[in-house]
Amino acid sequence: MSLRRRHFLSSLVAAPALFGASTLPMRRRNESGPRDTQSPFDPSRSAIILCDMWDKHWCRGANERLVPIIERSRPLLEAARKRRMVIIHAPSETMQFYKDAPQRLAAINAPKAAPPSALALDAPPLPIDDTGGGCDTGDPKNVKMWTREHAGVLIAPEDFISDKGDEVYSILKLRGIQTLFVMGVHTNMCILNRTFAIKQMSKWGVQCVLIRDLTDSMYNPADRPFVSHEKGTNLVIEFIERYWCPSTTSANLLAALR
C-alpha cells in the first residue's frame, strides 16, 4: 500500500478518544439586543472551516485586512489540532491547485453521507449594500485573481481541503462533528453563501458558530448605510447572530482549548 493511500485511510478514521467537553462563551442576538451564553464545547466533536482565505483578491483593501486575520488565527489553529479538532481549508475555485494534495484527496475519498432535506430557513436582506462589489480601496472589480489559499496559512497533514458542500458535510458526519466554527472572508458574501458555509450547513442541520474576530466584510463606506468599514462588518456579524447562528471569538475558543 502506498504512503499516500495510507494517509487517506488514517485521515478518514473516526476521531480519537474524547478529551472532555467544556463550555464556550457564545453571543446570540434578538430584537432586544445581544445575549451572551455559555454553551457546551467538545473539541473532538468540533471542526473549523477556513473560508476563501485566498492568496490574492482583486480588492487591495481585502488583501490588506486578510493578513492580520491569518496572523491571529495561527495560535488558534495550532491549539485546535492539538485537541484533535478537524480543520477544513475551503479556498473556493482553487481545487485544481490542490488536485494531488493528500488533504484534497482525503476529502474526495471520504465516505459519502447524503445531506438531509434542507430546512426552510430564511432571513431579511443584509444591513449593508454590497451590490457594487464592496471594495473600499477604489480597485475596479476584476475577474478571479486567486489561485490557492494564502501561503501564510499552514495546511497540516491531517487537515482536509474542499470547496464543496457535500464533501464537507460528509467529512463532518464521518468524524462525528456536531459544531462547525466558521472563519475567513467575506462575512456578507462567501461566509454566508458558499455551499460549505453558514446558510447551507445550517439548512442541513449543522450547528454553525462564526468566529467573529477572524472575519471581514466586502463593504464600501461610500454605500448604504454609509458607516465605516469596521462598523459595516459589525452590522453583518450582528445580522448573522440574529438570523443564522451564534458567534464567539478566537480568544474564547483558544481559552476553551487550553
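Undergrad: Requested: an account of the nonpolar core, with residues and values cited.
TA: Membership of the largest hydrophobic core comes to 44 residues, with the highest contact counts inside it found for Leu 172, Leu 180, Ile 198, Met 201 and Ile 240. Broken down by element, this core gets its largest block of residues, five residues, from helix α7 (residues 229-243). The contact partners of Leu 172, leaving out residues within four places of it in the chain, are Ala 47, Ile 88, Ile 177, Leu 180, Met 201 and Val 206.

Undergrad: Tell me about helix α4 (residues 165-174), residues and numbers included.
TA: Of all 10 residues that make up α4, seven are buried, and the element is covered over most of its length. Turning to α4, its buried residues number three or more, namely Gly 165, Glu 167, Val 168, Tyr 169, Ser 170, Ile 171 and Leu 172. The inward-facing, buried residues of α4 contact β3 (46-51), β4 (86-90), α3 (102-108), β5 (160-161), β6 (179-185) and α6 (198-203). A positive backbone phi angle near 70° is found at Gly 176, which sits one or two residues after α4.

Undergrad: Can you break down helix α2 (residues 60-82) residue by residue, with the values?
TA: Under the 1.5 Å per step criterion, the end-to-end length of α2 is 34 Å for 23 residues, consistent within 8% with the ideal 33 Å. Ser 73 marks where α2 bends most, by close to 35°; the proline Pro 75 follows one to four residues later. Listed as buried for α2 are Gly 61, Ala 62, Arg 65, Leu 66, Ile 69, Ile 70, Ser 73, Leu 76, Leu 77, Ala 79, Ala 80 and Arg 81. Looking at the buried positions of α2, the neighbouring elements they touch are β3, β4, β6, β7 (207-216), α7 and α8 (250-257). Of the residues trailing α2, Arg 84 is marked for its positive phi of about 65°.

Undergrad: Residues and numbers for the confidence of the model for the protein chain, please.
TA: For the protein chain, the average pLDDT comes to 93, and 92% of its residues sit at 70 or higher. β4 holds the highest mean pLDDT among the elements of the protein chain, 99, whereas helix α1 (residues 3-11) holds the lowest, 37. This model gives residues 1-19 a pLDDT under 50, and the stretch forms 34 contacts once residues within four places in sequence are excluded.

The rules behind the values
- Residues numbered from 1 in each chain as written.
- Predicted model: local features only at pLDDT ≥ 70, side-chain atom pairs only at ≥ 80, totals over all residues.
- Heavy atoms only, no water.
- Core = buried A, V, L, I, M, F, W, Y, C linked by side-chain atoms within 4.5 Å.
- Buried < 20%, exposed > 50% of the residue type's maximum accessible area, 1.4 Å probe, protein only.
- Helix = DSSP H or I, 4+ residues; strand = E, 2+ residues; numbered from the N terminus.
- Contact = heavy atoms within 4.5 Å.
- Expected span 1.5 Å × (residues − 1).
- Bend = angle between axes of the 7 residues up to and from the residue.
- pLDDT = per-residue confidence, 0-100.

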